Amino acid sequence: MFDVGVIATVGFVGAAFASRARVPIIIGYIIAGMLIGPNIHFHLFGWSYDGILADSIFLQSISQLGLVLLLFFVGLEFSITKLMRTKEAAAVLAVTNLAVNMFAGFVIGAWLGWPLIDTIFMAGVISMSSSAITAKSLIDLKRLGNAETEFLLGMVILESFLAMFLLTLVNGMIVPSDAPVNVGLLFGGVGLFIGFFALLAAVVVPRTAAIFERIKNEELFVLFALGTVFLAASLAEAFRIPAIVGAFFMGMVFADTRIAGRMKVKMESLRDAFVAIFFLTFGMLIDPAALGSVLPMLAIAVPLILLNDLFLTASLAYFIGFSGRASTAIGTSLIARNEEAILYATVGARAIRANPQLSNDYAGTYLTPFAGILCIVMSSLAPILMGRSNRIASFFANRLPKSLRFGAELVKRTLKTVIMPNFLPIYRRKRLFQASLIFYAAWIIDLTVTTGAAHLVMSLLTPVLVFGVWASARHAFREPVRHTNYGVDGGPFSRSTIETFVLRIVVGALAIVGLVAILWQYYWPVTLVILYAYFLVVVFSMKVVHRRLGLGITRRVARVRLVRHMPAARSWRAASGMRR
């Protein structure tokens, strides 16, 4: 009773101070948990303070309930119907943003000398954008009606889904068991698990939702909802999958039904109470003495996150069809790190500590404080940068060279017809290109995490896949390039030049990603040189295409002066070419 009373009271105080300081309430919970946890030690004038509460199985069990309810509500927001409207653009942005941020985590883990399993959880913490802070900031800035908001929310939701899938696979590989883990059986179990919930969502729930809507008694309805959530969580654990993943999928099952709104209303208070306990107990796990050890990690992680989200992802959003201001708004909205990152850190640290074959010297020790401080820093920066996104867009628009703007516009007008929603018959060829991109992304993920002979074999086959992507891209770009108005001479030479230029940029980026995935395990610093070299190639290619196609339309034509009346003698001299 004392533990629950202290947790509730301190959580109230932390949330109140956070609200007064206009920072996310979750930050107040984390800091309050650090101040009452067993890892804080303070000595002054003979008086010592060693925290109020000790970490216990009881508190961890309660926090687990909060985590399950939190992921259930995240699943309720994962509307597959809404996502289908923005599927191509949201999928491209989500996969790219997630992959680049995870690569940044791999680079940091390799620089620190962490094992692969620890590095994967580090990459997960770095790559998880906060859907809660993004949604809250969009509401505060009154941007819910903006054209890019629907794509942004679809992207964040899809990232959460991909993160849950990766977390499932990694957790299944390190959960201790008597027999060695069979990767084939693990993938099969995950597929069977997902297939079961797909069957519920597609067949069972739509036909039985009317029965659930007839539950008029609110107490019975809450019991029904809680039963489905925690039975789904227990089913996930039976498949050696984290319980939160089961709750997430159960939320997805009910997302497109009419009882989803009723579930949110009736369970919201219960969720808030248990989620507050979860973040407070997470703060209790953070050792303030370890903050000095994670500062070098933060000094590298924060600039890399800003580089990826604010520049690379925003640039990609512009390339596929968004305006400069919309692209910058998307980039700044992804900077926050909060509940998803803490989720990865919590599951990763617990799984590594539970496996006696793994060392606690790395992720088991440093992942929790690193995730906590990273969330505090990035969640404080996000609302500030989101409010200034238009200024940031104007700053770069006024300072970029004309050649870069011209080349980026060529890529944008081409990819917009392939990625953004379009129902014209000439754009139906993009299906093959999109399928090849999805397959190539899955291949790169497998290539990144495999080692030994399997990594070598996949590395040798990667050029074949790059050639296949190039062929599908060429097939997809041919008609759009012929029918798109680029604002330049529409002759065959210009169209061929534009098609070659766009293919070089797009397929070159995919080839560089494959090369980085191949080489980073052997000597990761060389990957930074490769990425910088590709950047120089892009800049040079844009200058060349601007010189060939753009300079002709940028020359100013001399104005024609109309003369109303000219004297006869002067007009005779002008006609004869004589000077006065």
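Summarised in this report is the structure supplied together with it.

Cut-offs used in this document
- Residues numbered from 1 in each chain as written.
- Predicted model: local features only at pLDDT ≥ 70, side-chain atom pairs only at ≥ 80, totals over all residues.
- Heavy atoms only, no water.
- Patch = residues over 30% accessible without salt bridge, like charges linked within 9 Å, V, L, I, M, F, W, Y side chains within 5 Å.
- Areas by Shrake-Rupley, 256 points an atom, 1.4 Å probe, with all protein chains shown as cover.
- Salt bridge = Lys/Arg side-chain N within 4 Å of Asp/Glu carboxyl O.
- Lys, Arg positive; Asp, Glu negative; His and termini not counted.
- Charge placed at Lys NZ, Arg CZ, Asp CG, Glu CD.
- Helix = DSSP H or I, 4+ residues; strand = E, 2+ residues; numbered from the N terminus.
- Buried < 20%, exposed > 50% of the residue type's maximum accessible area, 1.4 Å probe, protein only.
- Axes fitted to C-alpha atoms, helices over the stretch in contact; angles between N-to-C directions.
- Parallel < 35°, antiparallel > 145°, perpendicular 65-115°, else oblique.
- Left-handed = near helix turned anticlockwise from the far one by under 90°.
- Contact = heavy atoms within 4.5 Å.
- Nonpolar A, V, L, I, M, F, W, Y, C, P; charged D, E, K, R; others polar.
- Expected span 1.5 Å × (residues − 1).
- Arc of directions from axis to C-beta.

Observations concerning a positive patch on the surface
Together, R504, K543, R547 and R548 make up a region of like positive charge exposed at the surface. Residue contributions to the positive patch peak at three residues, all from helix 22 (residues 525-554). Looking at the secondary structure, you find R548 in helix 22. Here R548 falls in the exposed class, since its relative accessible area comes to 55%.

Thoughts on the packing of helix 2 (residues 25-36) against helix 16 (residues 363-387)
As a packed pair, helix 2 and helix 16 sit with axes 10 Å apart at the nearest point and diverge in direction by 155°. Here helix 16 runs roughly antiparallel to helix 2, going by the angle between their axes. Where helix 2 crosses over helix 16, the two elements pack in a sense that is left-handed. In this structure, helix 2 contributes I27, I30 and I31 to the contact, and helix 16 contributes C375, I376, S379 and S380. For the contact of helix 2 with helix 16, the class distribution of residues is five nonpolar, two polar and no charged.

Brief notes about helix 1 (residues 2-20)
Over its 19 residues, helix 1 runs 27 Å from end to end, which matches the ideal 27 Å to within 8%, given 1.5 Å per residue. Among the residues making up helix 1, those that are buried are V6, I7, V10, G11, G14, A15 and A18. Down the axis of helix 1, the smallest arc covering the buried residues is 155°, so these residues share one side. Turned more than 90 degrees away from the buried face of helix 1 sit F2, A8, F12 and R20, all of them exposed. The positive-phi residue at the C-terminal boundary of helix 1 is R22, with phi of around 60°.

Here's the deal with the pattern of salt bridges
All chains considered together, the criterion is met by six salt bridges. The partner of E218 in a salt bridge is R262, and the shortest N-O contact between them spans 3.4 Å. With E218 in helix 10 (residues 218-238) and R262 in helix 12 (residues 260-285), this residue pair connects regions lying 44 residues apart in the sequence. In this structure E218 comes out as partly exposed when scored by relative accessible area, which is 34%. For R413, the salt bridge is made with E409, and the minimal N-O distance between the two is 2.9 Å. With R413 and E409 both in helix 18 (residues 402-419) and four residues apart, the pair spans about one turn of that helix. Judged by relative accessible area, R413 falls into the partly exposed class, the value being 29%.

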